[in-house]
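Listed below, chain by chain, are the residues.
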Amino acid sequence: DGRLTFYPGNQTVDLPFINFMKRYGTVFLNAYTNSPICCPSRAAMWSGLFPHVTESWNNFKGLAPGYVTWMDLMEKHGYHTQKYGKLDFTSGHHSVSNRVEAWTRDVDFLLRQEGRPMVKLTGDRKRVRVMEADWRNTDKAVNWIKEEAINLTQPFVLYLGLNLPHPYPSPYAGENFGSSTFLTSPYWLKKVIYEAIKIPKWSSLSEMHPVDYYSSYTKNCTGEFTKQEVRNIRAFYYAMCAETDAMLGEIISALRDTGLLKKTIVIFTADHGELAMEHRQFYKMSMYEGSSHVPLLVMGPGIKEEQQVPNMVSLVDIYPTMLDIAKIPVPQNLSGYSLIPLLRGKAENEMSPRGPRPSWAFSEFHGCNVNSSTYMLRTGKWKYIAYSDGRSVLPQLFDLTADPDELTNVAIKFPVIVHSLDKMLHSIVNYPNVSSSVQEYNKREFISWKQSLGQNYSNVIANLRWHQDWLKEPKKYENAIERWL
């Protein structure tokens, strides 16, 4: 959650290496994901293009396997490149459950897709390494810096993809369990300031926006939660962020120990945030701040120190920024703009070859846990969220200055602003058309999957993540699918 990198969010947990990057570099106060889910978000970061341009619709549908990323271009221009950890930007990964849930989101039924969010403590006060796979990848990256990077005669670019602070799989929920367990050790939990944790205010279920209600239900959050449960989920999430920060620290320390820190640009960001029980949801897949607002910190030679940038930026800006750093000509067709002028503290009116950076950030979502394509435009103090064709589902408008917790939808109160923001959104994407393409894609993919299974399609679907609801009334849900088809 990007808000943890600046005040007041950073009061809840100590993140020493994030703070180190703020002290010696630049923090972006308004950085957004271009799609609040793993694969489409990473597809945008690696391609510099919005998800609807590359048709990265869900966690199964990202970039084509041979796609030329900014790292490929840097390698072609003489950089030594190295990747470790989670990449997840190409098509074809993630579980069958994840796919089928995304394809069937237009079906008229409500099914719980996730285990109920919960916390779990592991190990003792000395247990530092909880997410062992991430630590192994961090160790590999550290060793690479100390043994390889130090001896290179050419410039290098190193990528490290961590899973944390993602919730962990929840085996109790069945064989296709989601990831609803917030897991940490007492070592990390003691870094969280419990008194500073805000308990989010929830609207009553009857007052929720219909898309939010669907999300809360599929994420298994519509039941009763005590204040203590909510506070614990948030505390454990912050503890997981502290562990992530320590991995960043290992990289920074390795660069410092080898004398490379002074001549290396370091960028820290995330594919999406975590709602951690805000708006009666956990996970991502939402345009609310907890899910869509990402961290973005940059430090290194030529980067202004102790700078806070308020401009709207997003992950598609990484691609042109990387090329800019490497002095590689930036293609004109990208969705993003180089961050270099902002990082050097230059005036906003200094033109890039493509003209000035737009004053907005854009995000879209087409995957599971949400029963409609969703589009967000963030500009000035406003966040505008449009759904589907723009008519069948009511939009949302939030004034983030007056209402940072996004509790009051003021769309009906400000029709003129809604009209002008909708027009701006249309100039970025013909969103009714995109929504209808996604609906066709979902149906087409589902039909072809169903045909590949033959007669036993219902047995397979009954064992996916939603099996606990499905098995109570399988005929009812099968009929709903048939009606949709």
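About the criteria used
Residues numbered from 1 in each chain as written. Predicted model: local features only at pLDDT ≥ 70, side-chain atom pairs only at ≥ 80, totals over all residues. Heavy atoms only, no water. UniProt positions renumbered as here; feature names shortened; annotations may be inferred. Helix = DSSP H or I, 4+ residues; strand = E, 2+ residues; numbered from the N terminus. Expected span 1.5 Å × (residues − 1). Buried < 20%, exposed > 50% of the residue type's maximum accessible area, 1.4 Å probe, protein only. Domains from an automatic or database assignment. Contact = heavy atoms within 4.5 Å. Buried area = accessible area lost by both parts, 1.4 Å probe. Core = buried A, V, L, I, M, F, W, Y, C linked by side-chain atoms within 4.5 Å. Disulfide = S-S within 2.5 Å. Salt bridge = Lys/Arg side-chain N within 4 Å of Asp/Glu carboxyl O.

- The name given to the protein chain in an unreviewed UniProt entry is Arylsulfatase K, with the source organism recorded as Chordeiles acutipennis.
- Looking at the protein chain in UniProt, the text filed under Function (unreviewed entry) is "Catalyzes the hydrolysis of pseudosubstrates such as p-nitrocatechol sulfate and p-nitrophenyl sulfate. Catalyzes the hydrolysis of the 2-sulfate groups of the 2-O-sulfo-D-glucuronate residues of chondroitin sulfate, heparin and heparitin sulfate. Acts selectively on 2-sulfoglucuronate and lacks activity against 2-sulfoiduronate."

### Some points on helix α14 (residues 431–453)
Next, step 1: Here α14 is 23 residues long and its end C-alpha atoms lie 33 Å apart, about the 33 Å a rise of 1.5 Å per residue gives.
Next, step 2: Considered for burial, the residues of α14 that qualify are Y431, V434, S435, V438, Y441, N442, F446 and W449.
Next, step 3: Phi turns positive, to about 65 degrees, at G454, one or two residues after α14.

### Let's talk about the domain arrangement of the protein chain
Next, step 1: Per the domain assignment, the segments of the protein chain are domain 1 (2–360) and domain 2 (451–484).
Next, step 2: Each of domain 1 and domain 2 was reduced to a C-alpha centroid, and the two centroids are 34 Å apart.
Next, step 3: Listed as interface residues are 23 residues of domain 1 and, on the opposing side, 14 residues of domain 2.
Next, step 4: Counting each side, the surface lost to burial between domain 1 and domain 2 is near 1600 Å², with a carbon and sulfur contribution of 59%.
Next, step 5: Looking only at domain 1, the three residues that lose the most surface to domain 2 are F109, L111 and R112, adding up to 30% of its buried area.

### So, the nonpolar core
Next, step 1: Ranked by internal contacts, the top residues of the largest apolar core, which has 75 residues, are M21 and L255.
Next, step 2: Tallying contributions element by element places helix α9 (residues 227–257) first for this core, with 17 residues.
Next, step 3: Contact partners of M21, with chain neighbours within four places excluded, come to T26, L248, I252, V266, F268, L297, V298 and M299.
Next, step 4: Counting 40 residues, the second-largest nonpolar core is a separate cluster that includes V100, Y375, L421 and A480.

### Thoughts on the state of the cysteines
Next, step 1: Applying the stated criterion to the full structure yields 0 disulfides.
Next, step 2: Here C241 stays free of any disulfide, with the sulfur of C38 as its closest cysteine sulfur at 15 Å.

### Points about the pattern of salt bridges
Next, step 1: Scanning all chains against the criterion turns up 21 salt bridges.
Next, step 2: As a salt-bridge pair, E278 and R234 come within 3.2 Å of each other at their nearest N and O atoms. With E278 in the loop between β6 (266–269) and α10 (289–292) and R234 in helix α9, the pair connects residues that are 44 residues apart, well separated along the chain. With respect to class, E278 is no different from R234; both count as buried.
Next, step 3: Here E478 makes a salt bridge to K475, at a shortest N to O gap of 2.9 Å. Taken together, the positions of E478 and K475, both in helix α17 (residues 474–484) and 3 residues apart, correspond to about one turn of that helix.
Next, step 4: Overall, E478 belongs to the buried group, its relative accessible area being 15%.
Next, step 5: Judged by relative accessible area, which is 54%, K475 ranks as exposed.
Next, step 6: The network of salt bridges with shared partners includes D1, R3, R234 and E278.

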